[in-house]
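Spelled out from the first residue to the last, the chains are:
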Amino acid sequence: MLDDREILSLYRSGDRERAFKALVDSYKERLYWHIRRFVYSHEDTDDLLQETFVKVWSGLPGFREDSRLFTWIYRIATNETLNFIRRQKTHGLADTEPVENIIGKKIDDDPYFNGTEVQKVLHNAIRKLPPRQKAVFNMRYFDDMGYNDIAGILGVSAGALKASYHHACTKIKEELEKYF
């Protein structure tokens, strides 16, 4: 697997096919799970992953390396996912059932989810978080990202992220205590 510098070098040298393959190989699994933790549906995750790679690829000529490639790609994936969730919530207002309940059912009905009951409770607690807290919690807890990387992705200070993570953990703990 090539690192970001090698991928950019391939792209700039004109070997676009190898660069695209290396980009996808390097990021598809990590991005899949990053997105999946927000939308809980395999099909929605696949669609968002494809949209993310299309945006990354079409934006690559303008990538100025002000940030790391990793940060830029995660920012695109996160924004695509949060925009999708906003659209779902807007669409959900016309339905009789709140979008949070629909998302909860996706976890329960998803044939690809093979977690335990405790994991379902955890994911249901996470899905109730506000979008920013959910993003911070997922990137910190599941992806083991540092606050500086998350700050680069979300465009907020590391201090604000620490507070968001603390609030998210408190809310999740309260939800888990209700279950147990």
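Residues numbered from 1 in each chain as written. Predicted model: local features only at pLDDT ≥ 70, side-chain atom pairs only at ≥ 80, totals over all residues. Heavy atoms only, no water.

Trainee: Please explain the overall build of the protein chain as it appears in this structure.
Mentor: Along its length, the protein chain carries nine helices and zero strands. Its helices and strands taken in sequence order, the protein chain reads α-α-α-α-α-α-α-α-α from the N to the C terminus. Split into buried and exposed, the 180 residues of the protein chain put 44% on the buried side. Within the protein chain, contacts between residues at least 6 apart in sequence are counted, and of these 60% link residues at least 24 apart. Summing over all exposed atoms, the protein chain offers an accessible surface of approximately 10200 Å²; the carbon and sulfur share of this is 51%. (Helix = DSSP H or I, 4+ residues; strand = E, 2+ residues; numbered from the N terminus. Buried < 20%, exposed > 50% of the residue type's maximum accessible area, 1.4 Å probe, protein only. Contact = heavy atoms within 4.5 Å. Areas by Shrake-Rupley, 256 points an atom, 1.4 Å probe, with all protein chains shown as cover.)

Trainee: What is the right way to look at a nonpolar patch on the surface in this model?
Mentor: A surface patch of nonpolar side chains, amounting to about 330 Å² of accessible area, comprises V118, Y179 and F180. Mapped onto the elements, Y179 comes out in helix 9 (residues 158-179). Taking relative accessible area as the criterion, Y179 reaches 42% and is therefore assigned partly exposed. (Patch = residues over 30% accessible without salt bridge, like charges linked within 9 Å, V, L, I, M, F, W, Y side chains within 5 Å. Salt bridge = Lys/Arg side-chain N within 4 Å of Asp/Glu carboxyl O.)

Trainee: It is not clear to me how the pattern of salt bridges should be interpreted in this structure. Could you clarify?
Mentor: Side chains that differ in sign of charge can pair as their charged atoms come close. Counted by the stated rule, this structure contains 11 salt bridges. We note a salt bridge from D3 to R5, for which the minimum N-O separation is 3.3 Å. Judged by its relative accessible area of 63%, R5 falls in the exposed class. With a closest N to O distance of 3.1 Å, K178 and E175 form a salt bridge.

Trainee: Explain the side chain of S164 here, please?
Mentor: Relative to the helices and strands, S164 resides in helix 9. Accessibility expressed as a relative area gives 14% for S164, which makes it buried. Sequence-distant contacts of S164, that is, excluding residues within four places in its chain, are made with R132, Q133 and V136.

Trainee: Help me understand the packing of helix 2 (residues 16-39) against helix 7 (residues 131-142) in this model?
Mentor: The axes of two packed helices give the description: the angle between them and the distance between them. Where helix 2 meets helix 7, the axes come as close as 10 Å, and the angle between the chain directions of the two elements is 140 degrees. Between helix 2 and helix 7, the angle falls in the class oblique. Relative to helix 7, helix 2 is oriented so that their crossing is right-handed. On helix 7, the residues that touch H34, R37 and F38 of helix 2 are P131, K134, A135, N138, M139 and F142. For the contact of helix 2 with helix 7, the class distribution of residues is five nonpolar, two polar and two charged. (Axes fitted to C-alpha atoms, helices over the stretch in contact; angles between N-to-C directions. Parallel < 35°, antiparallel > 145°, perpendicular 65-115°, else oblique. Left-handed = near helix turned anticlockwise from the far one by under 90°. Nonpolar A, V, L, I, M, F, W, Y, C, P; charged D, E, K, R; others polar.)

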